[in-house]
Amino acid sequence: MPVVVPQSPPFINPAQRAKTGLPSRFQRTAGSFQDERASASPTPMTSSLKPHKADELEDGPLPSELIRKVLLHLPIKCHCILWACEDTSVASKMCLVNSIVHDWVLPVIYHSVQFQFSKDITNFVVKHDVPDPRIRSRFKLIRDLYVGRIPGQDGDLLYGSHQWPIPLLQRFIGLCTELRSLTVLYIDQRLWSRFEPLLPVHLEKITLGPMHGSLTPQNLARKPPIRYFTSAYTCLSDEEIEELFKYPTMTRVRKFCEANSMGPAWALNQASLVDKSKNLKEYEIVICGTPDRTEPICLFVEQCLKQTSVANRVLLRQALSGSWVNDVYDEFLHYRRHFIALQ
């Protein structure tokens, strides 16, 4: 928004003043002021127009929330400070301004946390799981956690790798009591069951794959209200899929499967289990591969679904091979940007 600068009154030099007949301020006498006051007819003010004390604005400091909004949305190189805080280095510098700005920016920094390397998990837990409550409470600011490979960077958290710091990651997830979204990629399927009892009470979204362990409701000690579950490149039994569909709060299940495999056939056969769930609104099947392979398979699956009673609750989509990681990571970034936009 452009800033409007008030214009100062025009300057009139003495020569111009003499031509216009205007008296100089040094020539004006008390009598002239009295004449002006006498000639000016005062306008009576009715009682309805008199200001009341309740309507008068009192001078004082601006509300802190207003200051926060203005500061965090100041433009910096076509972006506001808040969007610049997507870069953690910028956000860290903002925290050094003062304690108030520090408290404003901190939720933006910690809202979404991602790890591709085991040492980063270790360093984070060591630095934050400390007796100081101000530092330890930052775990509660984390809403979205992404662990594993990202597009273009594998890291060392790979399937079957011994680099996974399982005890520290368990501790980390257990301390994130306000976590809403959890993505764990390329973790050994035999290890997933160790995390189920620790899943936070407010967790709503889980993304796992490839070849992950099953989500067993009986192991979810804290009964999180999971609404959205994504499974990538994993063969789940009918019983496991049915338990997912029938989970009390589950509304959407998504499966990524490779066109050049039995994945699409299994996903199609298990679509009939949607009828056993009252809460599930959408079962999404994403078939990945080259277009020459995905198109005929999608056409066949679509024709088969039309003959079932669950066609209106099953969504079919195509994607390129390997693009599921991009989709999952984009969702992670979108969740963070959505949070920033609401500030």
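Everything below is about the structure shown above.
Residues numbered from 1 in each chain as written. Predicted model: local features only at pLDDT ≥ 70, side-chain atom pairs only at ≥ 80, totals over all residues. Heavy atoms only, no water.

A. Focus on helix α10 (residues 238-245). Those residues of α10 that sit buried are I241, E242, L244 and F245. Projected down its long axis, α10 carries its buried residues within an arc of 160°, all on one side. Where α10 is buried, its residues meet β7 (228-232), β8 (252-258), α11 (263-270) and β9 (282-288). (Buried < 20%, exposed > 50% of the residue type's maximum accessible area, 1.4 Å probe, protein only. Helix = DSSP H or I, 4+ residues; strand = E, 2+ residues; numbered from the N terminus. Arc of directions from axis to C-beta. Contact = heavy atoms within 4.5 Å.)

B. Summary view of the sheet that holds strand β6 (residues 205-209). The strand order across the open sheet formed by eight strands is β3-β4-β5-β6-β7-β8-β9-β10, and the pairing between neighbours is parallel. Each edge of the open sheet is held by one strand with a lone partner, namely β3 (112-115) and β10 (314-319). Strand-to-strand twist of the sheet, defined as the mean angle between neighbouring strand axes without regard to direction, takes the value 10°. Pairing of β8 with β9, which is carried by seven bridges, proceeds in the parallel orientation. Note that in β9 the partner of C257 across the bridge is I287. Packing of α11 onto the sheet brings it into contact with β8 and β9, and relative to β9 it is tilted by some 165°. (Pairing = 2+ DSSP bridges. Axes fitted to C-alpha atoms, helices over the stretch in contact; angles between N-to-C directions.)

C. Inspection of the pattern of salt bridges at higher detail. Counted according to the given criterion, the structure contains 16 salt bridges. Its salt-bridge partner being E284, residue R252 comes within 2.6 Å of it at the nearest N-O pair. A residue pair is termed long-range when its members are at least 10 positions apart, and R252 in strand β8 and E284 in strand β9 qualify at 32 residues. Classification of R252 by relative accessible area gives partly exposed; the value is 25%. Residue class for E284 comes out buried when judged on its relative accessible area of 2%. Two residues, E331 and R254, come together in a salt bridge whose shortest N-O distance is 2.7 Å. Taken as a pair, E331 in helix α13 (residues 323-341) and R254 in strand β8 lie far apart in primary sequence, 77 residues in all. Given a relative accessible area of 2%, R254 falls into the buried group. (Salt bridge = Lys/Arg side-chain N within 4 Å of Asp/Glu carboxyl O.)

D. View of the packing of helix α7 (residues 118-128) against helix α9 (residues 166-175). Running from N to C, α7 and α9 point in directions that differ by 50°, and their axes come no closer than 10 Å. Judged on the interaxial angle alone, α9 and α7 are oblique. Along this stretch, α7 crosses α9, giving a crossing that reads as left-handed. Seen from α7, the contacting residues are I121, T122, F124 and V125; seen from α9, they are L168, L169, R171 and F172. (Parallel < 35°, antiparallel > 145°, perpendicular 65-115°, else oblique. Left-handed = near helix turned anticlockwise from the far one by under 90°.)

E. Broad picture of the packing of aromatic side chains. Summed over all chains, the structure comprises 14 aromatic pairs. Each ring, one from F124 and one from F139, has its centre 5.8 Å from the other, and the planes form 70°; the classification is edge-to-face. A residue pair is termed long-range when its members are at least 10 positions apart, and F124 in helix α7 and F139 in the loop between α8 (133-136) and β4 (144-147) qualify at 15 residues. Here the two residues F124 and F139 agree in accessibility, since each one is buried. (Phe/Tyr/Trp six-rings, centres within 6.5 Å; stacked < 30°, edge-to-face > 60°.)

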